[in-house]
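Below are the chains, spelled out letter by letter.
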Amino acid sequence: MKATKGIKRAGLFFAILVFCSFIVSCQDRSKKTSEELLEEAIENETGSKADVDLGDEKAVITQGGNTVELDGKANSWPGEIPDEVPEFTYGKVKAVTTSIIDGAKSWNVIYENVEDDFIDRYDADLKKKGFETVTMKMGDKGGSITADNGKYTVFLMGSEGNLSIGVSPKQQE
């Protein structure tokens, strides 16, 4: 039952992230029309009232007690990510999404200009901070890392100079 709730929560998070990315990139619609369309789409999909606020390269979606904020102007690692999670320093921050879903705060940081050897270097950084890691390399310039320290889960995936890293509190069973 808890796994189903986690899957639904993750599905909602990714659906909202896709909607945010779409709306932020839509330059030809008015802000109010875009907000209304997005609210209607979320409400039709979830059955719950949603509030969307679009700004200049920023989108905030609130639904119930849940909030997702996409900041397309962010250019640094979020300072509110706990210090026990090592900062990823092998690329340039392009955007940050911060979510509060079911009271748990999570972050997704998008990078560009990522260095080729990011897997080995960040894996070592995670291990120094006490994380257990599983890595998968795809060629010389890509791969993923899943890491867990009992308190936080980190998932990183990247290739060809682009990368996404997610940080979330570990769900208690």
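Since this is a predicted model, take the numbers as computed values, not measurements.

### Structural notes on unusual backbone geometry
Leave glycine aside and you will find that most residues have negative phi; peptide bonds, for their part, are mostly trans.
Piece 1. Positive phi values are uncommon outside glycine, yet Asn 113 reaches one of about 55°.
Piece 2. As for its placement among the helices and strands, Asn 113 is situated in the loop between β5 (104–112) and α3 (118–128).
Piece 3. If you check the backbone angles, Glu 160 has positive phi at about 50° while not being a glycine.
Piece 4. Tracing the chain through its elements places Glu 160 in the loop between β8 (152–159) and β9 (162–169).
Piece 5. For Glu 160, a relative accessible area of 59% translates into the label exposed.

### Section: the nonpolar core
Piece 1. Counting 25 residues, the largest nonpolar core has Trp 77, Phe 88, Tyr 122 and Ile 165 as the members making the most contacts within it.
Piece 2. Sorting the residues of this core by element identifies β4 (92–101), β5, α3, β7 (142–148), β8 and β9 as the ones contributing at least two each.
Piece 3. If you tally residues by element for this core, the top one is α3, at four residues.
Piece 4. The residues contacting Phe 88, other than those within four sequence positions of it, are Trp 77, Tyr 111, Val 114, Phe 118, Tyr 122, Leu 156, Leu 163 and Ile 165.

### Comments concerning the side chain of Ser 144
Piece 1. Secondary-structure assignment places Ser 144 in strand β7.
Piece 2. What makes Ser 144 buried here is its relative accessible area of 10%.

### Thoughts on the pairing of β9
Consecutive residues of a regular strand have side chains that alternate between opposite faces of the sheet.
Piece 1. Pairing of β5 with β9 involves five bridges; the strand directions are antiparallel. Across the sheet, the residue bridging to Val 109 is Ile 165, located in β9.
Piece 2. Remark: two residues form the turn of the hairpin made by β8 and β9, two consecutive strands paired antiparallel; Glu 160 in that turn has positive phi of roughly 50°.

### Some thoughts on the pattern of salt bridges
Piece 1. For the structure shown, the criterion picks out eight salt bridges.
Piece 2. One salt bridge in this structure joins Glu 115 and Arg 121, with 2.2 Å as the shortest N-O distance.
Piece 3. The partner of Asp 120 in a salt bridge is Lys 137, and the shortest N-O contact between them spans 2.9 Å. Of this pair, Asp 120 sits in helix α3 while Lys 137 sits in strand β6 (residues 132–137), and the two are 17 residues apart along the sequence.
Piece 4. Residues participating in the shared-partner salt-bridge network are Glu 115, Asp 117 and Arg 121.

### Notes on the side chain of Thr 98
Piece 1. Of note, Thr 98 is situated in strand β4.
Piece 2. Not counting residues within four places of it along the chain, the set of residues in contact with Thr 98 comprises Thr 67, Val 68, Glu 69, Glu 80, Lys 105, Ser 106 and Trp 107.

### What about the environment of Gly 150?
Piece 1. Assignment of secondary structure puts Gly 150 in the loop between β7 and β8.
Piece 2. The sequence separation of Gly 150 and Lys 170 amounts to 20 residues, and the corresponding C-alpha distance is 6.7 Å.

### Considerations on α3
Piece 1. Within α3, the full set of buried residues consists of Phe 118, Ile 119, Tyr 122, Asp 123, Asp 125 and Leu 126. Burial along α3 is one-sided: seen end-on, the buried residues are contained in an arc of 160°.
Piece 2. Just beyond α3, the residue with positive phi is Gly 130, at close to 90°.

### Some details on the confidence of the model for the chain
Piece 1. When pLDDT is averaged across the chain, the result is 80; 72% of the residues are at 70 or more.
Piece 2. Within the chain, the element-level pLDDT minimum falls on helix α1 (residues 2–25), averaging 54, and the maximum on α3, averaging 95.

### Quick look at the packing of aromatic side chains
What describes a pair of aromatic rings is the distance from one ring centre to the other and the angle between the planes of the rings.
Piece 1. Taken as a whole and assessed by the stated rule, the structure comprises four aromatic pairs.
Piece 2. A ring pair is formed by Phe 88 and Tyr 122, whose centres lie 5.2 Å apart and whose planes are at 65°; its orientation type is edge-to-face. With Phe 88 in the loop between β3 (66–71) and β4 and Tyr 122 in helix α3, this residue pair connects regions lying 34 residues apart in the sequence.
Piece 3. Judged by its relative accessible area of 0%, Tyr 122 is buried.
Piece 4. A network of ring pairs unites the aromatic residues Phe 88, Tyr 90, Tyr 111, Phe 118 and Tyr 122 as a single cluster.

What counts, and at which threshold
- Residues numbered from 1 in each chain as written.
- Predicted model: local features only at pLDDT ≥ 70, side-chain atom pairs only at ≥ 80, totals over all residues.
- Heavy atoms only, no water.
- Helix = DSSP H or I, 4+ residues; strand = E, 2+ residues; numbered from the N terminus.
- Buried < 20%, exposed > 50% of the residue type's maximum accessible area, 1.4 Å probe, protein only.
- Core = buried A, V, L, I, M, F, W, Y, C linked by side-chain atoms within 4.5 Å.
- Contact = heavy atoms within 4.5 Å.
- Pairing = 2+ DSSP bridges.
- Salt bridge = Lys/Arg side-chain N within 4 Å of Asp/Glu carboxyl O.
- Arc of directions from axis to C-beta.
- pLDDT = per-residue confidence, 0-100.
- Phe/Tyr/Trp six-rings, centres within 6.5 Å; stacked < 30°, edge-to-face > 60°.

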